[in-house]
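Spelled out, the chains give:
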Amino acid sequence: MNKIISLEEVSSIFRNGMTIMAGGFMGVGTPQELVAAMLEANVKDITLIANDTAFVDAGIGPLIVNKRVKKVIASHIGTNPETGRQMISGEMEVELVPQGTLAERVRAGGSGLGGVLTPTGVGTIVEEGKEKITVDGREYLLEKPLRAEVALLKAYKADKAGNLIYHRSARNFNPLMALAADTVIVQVEQLVEVGEIDPDEVMTPGILVDKIYVQGGCQ
Amino acid sequence: MTTTLVNPKQIIAARVAKEMKDGDVVNLGIGLPTMVPNYLPESVNVILQSENGYVGLGPLEGDIDPDLVNAGGQPAGIIRGGAFFDSLFSFELIRGGHVDVTVLGGLEADAKGNLANWMVPGKMVPGMGGAMDLVTGARKVIVAMEHTAKNGSSKILEQCRLPLTGKGVVDLIVTELAVFRVTENGLVLEELQEGVDLETVKEKTEASFTVSPAIR
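Read on for a plain summary of the structure. All values derive from a computational prediction rather than experimental measurement. (Residues numbered from 1 in each chain as written. Chains lettered and ligands numbered in written order. Predicted model: local features only at pLDDT ≥ 70, side-chain atom pairs only at ≥ 80, totals over all residues.)

Next up on the list: unusual backbone geometry. Both trends apply: most residues other than glycine have a negative phi, and most peptide bonds are in trans. Residues and elements named next belong to chain A. The backbone of Asn42 sits at a positive phi, close to 65°, despite the residue not being glycine. Relative to the helices and strands, Asn42 is located in the loop between helix H2 (32-40) and strand E2 (46-49). Phi is positive for Asp45, which is not a glycine, with a value near 55°. You can see Asp45 is positioned in the loop between H2 and E2. By the C-beta count within 10 Å, which is 13 here, Asp45 ends up partly exposed. (Helix = DSSP H or I, 4+ residues; strand = E, 2+ residues; numbered from the N terminus. Buried ≥ 20, exposed ≤ 12 C-beta atoms within 10 Å, placed from the backbone.)

Direction vectors running N to C along helix H5 (residues 99-110) of chain A and helix H2 (residues 87-95) of chain B enclose 125°, while the axes themselves pass 9 Å from each other. As far as their axial angle goes, H2(B) and H5(A) are oblique. Here H5(A) and H2(B) pass one another in a crossing that is left-handed. Between H5(A) and H2(B), the contacting residues are Gln99(A), Gly100(A), Ala103(A) and Arg107(A) on the first element and Ser87(B), Leu88(B), Phe91(B), Ile94(B) and Arg95(B) on the second. (Axes fitted to C-alpha atoms, helices over the stretch in contact; angles between N-to-C directions. Parallel < 35°, antiparallel > 145°, perpendicular 65-115°, else oblique. Left-handed = near helix turned anticlockwise from the far one by under 90°. Contact = placed C-beta atoms within 7 Å.)

What follows is about the sheet that holds strand E7 (residues 115-116) of chain B. Residues and elements named next belong to chain B. Ordered in space as E7-E6-E9, the three strands form an open sheet in which the pairing is mixed. With one partner strand each, in any of the chains shown, E7 and strand E9 (156-157) form the two edges of the open sheet. When strand E6 (residues 108-110) meets E9, the two strands line up parallel, connected through two bridges. Within E9, the residue paired with Ala109 across the bridge is Ile156. (Pairing = 2+ DSSP bridges.)

Listed below in structure tokens is the structure:
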């Protein structure tokens, strides 16, 4: 099965109203060219799940600035003033989720769990509207799974089967999101033949990766 | 250390540094807390955890690697022996009690150990990032902040007014004037910073507190 695709093919995957996940922490580990392809596709009313909304000109920030997003689910929006502005004006809905809870919700969505019980947020406004469950005398919040139709990942290296290796702190949410979407697209810096990545070094197995886009368009 | 402490932030960071033990795994919030390692004695080596996915956060040495940043998104380094992981594992470490100490800034802290540092309704809503998980899971939570707000009002309150980051989570509050320990019976003034008298602390602290016998 050939998983390698062009940026045009990436663009054709997006639809209005989709739920999309994107890896990255302040833009580090965000597949910038896939984000650009999404902008190019001109889709709107997207629900976007990511750790943060990065900056106006980096990470997933440009999707917010260009008003493609109906709702964002993130742990931090402070570095992109446009997110706060659209939230306050009511143009966009923002659901703020503690970072560890966001990671666990994505994990739950990708691993067949009905949710997770976390003590994080108990006694704060995060608990509003959530079921509280006491286990052995300690209170936890039931946090529900998150899934997406498409996950946009960034890896350093892939083989043609989609086995991935991430680089430095650019790993962050990428491996989690690889499990939690119907279609998983990865932007890689380097593509090698099957067998060139030692199975011991694979961080995300290729069975989870549907499409591979090689950064810069070269294959 | 013989470094002269010239401003409140330096005084606070230097005092927080005394709380660290050799070998502690430490997570530092952005801003003032990142100054703490500058004041560690040579005999104390801590391992810094960075919420975006590694242990062994270190100063930037050599060329900037765009894939290596700290929790504030700034270029950073990793020490020999460090390790990278994903966000899930990073917060398993944090929530699971594998981080010994976290040092966070604060907008308000109170006598019940509550902390507010993530939003001011109608004004500033940056999001909680990893702060709620850190205060919930780290074994020791130190709030490092200036004693009063810019308008002079106390940041140490009987009860926080801003939305909380965590309820009953704070162990120690360090300011440029004093050090308070949070106990079941409220705040205990443990220490006065050099040159500060008890009257000044009483005057600038809204919360009631008891005074440790160690202070005369």
